[in-house]
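# Coordinate analysis (summary)
In case you want the letters, here they are:
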Amino acid sequence: MSRQVNRRQLLKLAAASAAALATAGPGQVAAEVAGAGMVCTLLDLAKCVGCEECVNACQEQWQKTVPDPVEPIPKPFPDRVPIEDFSKRKDITDRLTPYNFLYVEHLEFKYKGNDTELHIPRRCMHCLNPPCADLCPFGACRQEANGVVHIASDICMGGAKCRKVCPWHIPQRQSGVGLYLKIMPRYAGNGAMFKCHRCLPLLEQGKKPRCVEVCPEGVQQIGPRREMVAKAVALAKARAKADCGDEGRWREYIYGLTENGGTNTLYVSPIPFKVVNKVLMAEHKKLIKQENAEALAAGRRPERGPHGRPHMGPVGDVMDHVKWVSWLVVAAPVAGLIAGLSARNKTGGSNNER
Amino acid sequence: MSARTLKWIYALAVAAASFSGVGQLPILKRYYITDLPLMGWAANFVTLSTVHYVSVAVLIGLIMWRLASRAKVRWGPLTWWGWGLLGLLAVTGAVKMLRNVGVYFPPPLIVTVNLTHMFSGMAFMFTAIAAGLARVGKS
């Protein structure tokens, strides 16, 4: 991926960014500033035919990097902690698993009276301020300067906190692998977490991620965040105009721009995302019920949560609480200092016992 | 505010900061702590993190008050070891706070900061408990 930009491209980029920012709200402006220097992907869902070339390429490239578990996998204590083992089901491609970082949702539904198909490649959103990386107690889940969020599975203990705090519950656990085996495998940790790293090793060599490179329809584009945001906004406006005749409703046709404070994965759909999510949730509910029944029949414990299938609903900024509460931490020493100096003046500096 | 009240506020803030800090490791639910009556909130990492920040703000305020007022107190660090650990916790905690509001730090630095914060926090907690027990034993 060439990072060289000539002056004309730079001017075009600046103009496009200015136009995008001028039409954006404060949330988007904040997301823009936070994402400076980051690389972003844009997915035009109108182009996706659901061929799953991206899924195959991703599996071919990365599945072998995920280790097989030890046999038998240590039984975690207490019994409520589930063993999560996908090593015998590596061929799964219809959800996220430790061995499958990307899948495609295939939706068929009626929209405005017409039979409609929509195919949605799903993987990690690569948030601007990722709660998985912020709240990982060890720093195994991390964000690079280019915005890629990834997990160093060699130091991950598999506590799955990243999955719990992720608004889409993206990271997936494989029990029986990783560092915890060398410490107290029954009592702390439970494997390692895995998810899309947007082909970081390839990005570092100046190459494109596999899913972007192999797509025959050119569904995905990758580039500097500002450029991708400008393109996504323009595309969403065109989609809004085509669907409802009102360009001003473009926000309904874009996903990932402000969700969780902004992400480096932008989806643009020909159909509003609230409609897409409704269909998606109904589909997920059916699949979860079916999979839980299959798990029980196979003697496995039914899985909790969304079964590696993220939603596309509204998402607030998970790390928003830190913004206000960190002001308290900044104000506290000042308040303590003022109160202390005032107490010292009152007592004339005598070391009275408090 | 009386000396006794300040001492209790300090003790409660240390307890809250320690509990919410340890709770950042995903062990509270695993080991049934969140199943105890009135402890369900501790299963939520965002709530735990908020409690950690608020209790740390109280601690920083108290420590700064102590330093500025030069009051003779019976709470807080009393040795160079205690002050050293507190300093480490403050510096590493500040980096973690900046990371959480979106400031970028290289991942290897974050790993070092996380581990230093965790181990110095544990050392501070155990030292405080030992010092408290020793004081109770003496009296």
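The structure displayed is predicted, hence computed values, not measured ones. (Residues numbered from 1 in each chain as written. Chains lettered and ligands numbered in written order. Predicted model: local features only at pLDDT ≥ 70, side-chain atom pairs only at ≥ 80, totals over all residues.)

Next up on the list: the overall build of chain B. What chain B contains, in helices and strands, is four helices and zero strands. Relative to the 2.2 N^0.38 estimate, which gives 14 Å for 139 residues, the radius of gyration of chain B is 16 Å and therefore close to what a compact globule would have. For chain B, the spread of C-alpha atoms along the three principal axes comes to 40 × 40 × 25 Å. Looking at chain B residue by residue over its 139 residues, the buried ones come to 31%. A sequence separation of at least 24 residues applies to 66% of the contacts in chain B between residues at least 6 apart. (Helix = DSSP H or I, 4+ residues; strand = E, 2+ residues; numbered from the N terminus. Rg over C-alpha atoms; globule rule 2.2 N^0.38 Å. Buried ≥ 20, exposed ≤ 12 C-beta atoms within 10 Å, placed from the backbone. Contact = placed C-beta atoms within 7 Å.)

Pairing is mixed across the open sheet formed by four strands, whose spatial order is β8-β1-β10-β9 (chain A). Looking at which strands have only one partner, the edges of the open sheet turn out to be β8 (220–224) and β9 (254–255) of chain A. (Pairing = 2+ DSSP bridges.)

Now for the interface of chain A and chain B. Taken together, the contacts link 40 residues of chain A with 39 residues of chain B. For the side of chain A that touches chain B, the elements supplying multiple residues, two or more each, are α4 (131–135), α5 (161–165) and α10 (320–347) of chain A. Tallying contributions element by element places α10(A) first for the side of chain A that touches chain B, with 17 residues. Of the residues belonging to the side of chain A that touches chain B, the class tally is 22 nonpolar, 10 polar and eight charged. (Nonpolar A, V, L, I, M, F, W, Y, C, P; charged D, E, K, R; others polar.)

Let us look at helix α8 (residues 225–244) of chain A. With 20 residues, α8(A) ought to run about 28 Å at 1.5 Å a step, and its terminal C-alpha atoms sit 27 Å apart, in line with that. One or two steps after α8(A), the chain reaches Gly245(A), where phi turns positive at roughly 80 degrees. (Expected span 1.5 Å × (residues − 1).)

This part takes up the confidence of the model for chain A. Mean pLDDT for chain A: 90, with 88% of residues reaching 70 or above. Predicted confidence for residues 1–34 of chain A stays below pLDDT 50, and this span has 32 contacts to residues more than four positions away or in other chains. (pLDDT = per-residue confidence, 0-100.)

The next subject is the nonpolar core. Membership of the largest hydrophobic core comes to 98 residues, with the highest contact counts inside it found for Cys132(A), Ala232(A), Ala236(A), Ile254(A), Leu266(A) and Val268(A). No other element matches the 13 residues that helix α2 (residues 45–69) of chain B contributes to this core. The two domains that each donate at least three residues to this core are domain 1 (1–75) and domain 2 (77–139) of chain B. Once residues within four sequence positions are removed from consideration, Ala236(A) is found in contact with Trp250(A), Tyr253(A), Ile254(A) and Val268(A). (Core = buried A, V, L, I, M, F, W, Y, C linked by C-beta atoms within 7 Å. Domains from an automatic or database assignment.)

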